[in-house]
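Each chain, letter by letter, is given below.
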Amino acid sequence: MNDFVMKSTRGKEMLSFLPGYYETSRVMKADMDAKGAELDSLYAAMDETLDQFFVKTATWGLDRWEAELGIPPEPGKPVEQRRALVESRLRGAGNFTGRLVKNVAESYDGGTVNVTFAPAEYSFTIRFVDTIGIPPNLEDLKAVIEEIKPAHMAVEYEFSYLLIRDIEGIKTLNQLEKIPLSKFAGGV
């Protein structure tokens, strides 16, 4: 009876390179499974390490990205918000333009952002188009915008909210109860 079940992906692959008569050997299957398990772990560690080289996939490597960019580490903050801060700091290099502000703001929000300038008032406005309510990491965005904008310019933020006229007859009462008040104009 040959009832040994191999679990290792790489162990099965290694066994396939051996002569066919080893396919029924419990000893060879166990040997290849043990060696394959070690290789599976090695490949997983290498893949995880490779993930740290890219902001969108970094986890434990975010500390290094933050240190490199002079961002104070906040390990308690959600990983997605930390990634957005790193990404916006990377995008924030160069001359101050509407495209730069748009790229930085969209890296935080993940949605569409419109940037309009009012040169006579020395100001610009960042309007969140796709996001309903206030984005969760707005304070981080404000800090980065303050760093990249010229000191003489003022910045305003505009948010989109749900209005009764937008949802009347479209959503049921049960659906409305599931939407947080912060998504409505005047909501807390």
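Residues numbered from 1 in each chain as written. Predicted model: local features only at pLDDT ≥ 70, side-chain atom pairs only at ≥ 80, totals over all residues. Heavy atoms only, no water.

Engineer: What should I look at first to understand helix α6 (residues 138-148) in this one?
Structural biologist: Counting along an α-helix, one turn takes 3.6 residues, and residues three or four places apart therefore face a common direction. When we look at burial in α6, the residues that qualify are L138, D140, L141, V144, I145 and I148. The buried side chains of α6 occupy one side of the element, clustering within an arc of 155° when seen end-on. Facing away from the buried surface of α6 by more than 90 degrees, the exposed residues are E139 and E147. (Buried < 20%, exposed > 50% of the residue type's maximum accessible area, 1.4 Å probe, protein only. Helix = DSSP H or I, 4+ residues; strand = E, 2+ residues; numbered from the N terminus. Arc of directions from axis to C-beta.)

Engineer: So what exactly am I meant to see when it comes to the side chain of E87 here?
Structural biologist: Along the chain, E87 falls in helix α4 (residues 79-91). Judged by relative accessible area, which is 15%, E87 ranks as buried.

Engineer: How do you make sense of the packing of aromatic side chains when you look at a structure like this?
Structural biologist: A ring pair, where both rings are aromatic, is described by two values, the distance of the centres and the angle of the planes. What the rule picks out here adds up to three aromatic pairs. Taken together, a centroid distance of 4.8 Å and an interplanar angle of 45° make the contact between Y21 and Y22 tilted. For Y21, a relative accessible area of 60% corresponds to the exposed category. The ring of Y43 carries R10 above its face, with NZ or CZ at 3.7 Å from the centroid. (Phe/Tyr/Trp six-rings, centres within 6.5 Å; stacked < 30°, edge-to-face > 60°. Lys NZ or Arg CZ within 6 Å of the ring centre and 35° of its normal.)

Engineer: When you look at the pattern of salt bridges in this model, what are you seeing that I'm missing?
Structural biologist: In a structure, side chains of opposite charge can pair up when their charged atoms sit close to one another. Following the criterion strictly, the structure yields 11 salt bridges and no others. D31 is paired through a salt bridge with K35; the nearest N and O atoms lie 3.1 Å apart. Remark: K35 and D31 occur in helix α2 (residues 26-51); sequence separation between them is four residues, near one turn of the helix. For E80, the salt bridge is made with R83, and the minimal N-O distance between the two is 2.7 Å. (Salt bridge = Lys/Arg side-chain N within 4 Å of Asp/Glu carboxyl O.)

Engineer: Would you mind showing me how to read α4 here?
Structural biologist: Along its 13 residues, α4 runs 18 Å from first to last C-alpha, staying within 8% of the 18 Å computed at 1.5 Å per residue. When α4 is considered as a whole, its buried residues turn out to be Q81, R82, R83, A84, L85, V86, E87, S88 and R89. (Expected span 1.5 Å × (residues − 1).)

Engineer: Before we go on, may I ask you to explain the packing of helix α1 (residues 9-16) against α2 in this structure?
Structural biologist: Between α1 and α2, the least distance of the axes is 6 Å, while the angle of their chain directions is 130°. Viewed along their axes, α1 and α2 adopt a mutual orientation that is oblique. Seen from above, α1 lies across α2 with right-handed handedness. From α1, T9, R10, G11, M14 and L15 reach across to α2, where they touch K29, M32, K35, G36, L39, D40 and Y43. Looking at side-chain class alone, the contact of α1 with α2 contains five nonpolar, three polar and four charged residues. (Axes fitted to C-alpha atoms, helices over the stretch in contact; angles between N-to-C directions. Parallel < 35°, antiparallel > 145°, perpendicular 65-115°, else oblique. Left-handed = near helix turned anticlockwise from the far one by under 90°. Contact = heavy atoms within 4.5 Å. Nonpolar A, V, L, I, M, F, W, Y, C, P; charged D, E, K, R; others polar.)

Honestly, it's all geometry; don't read function into it.
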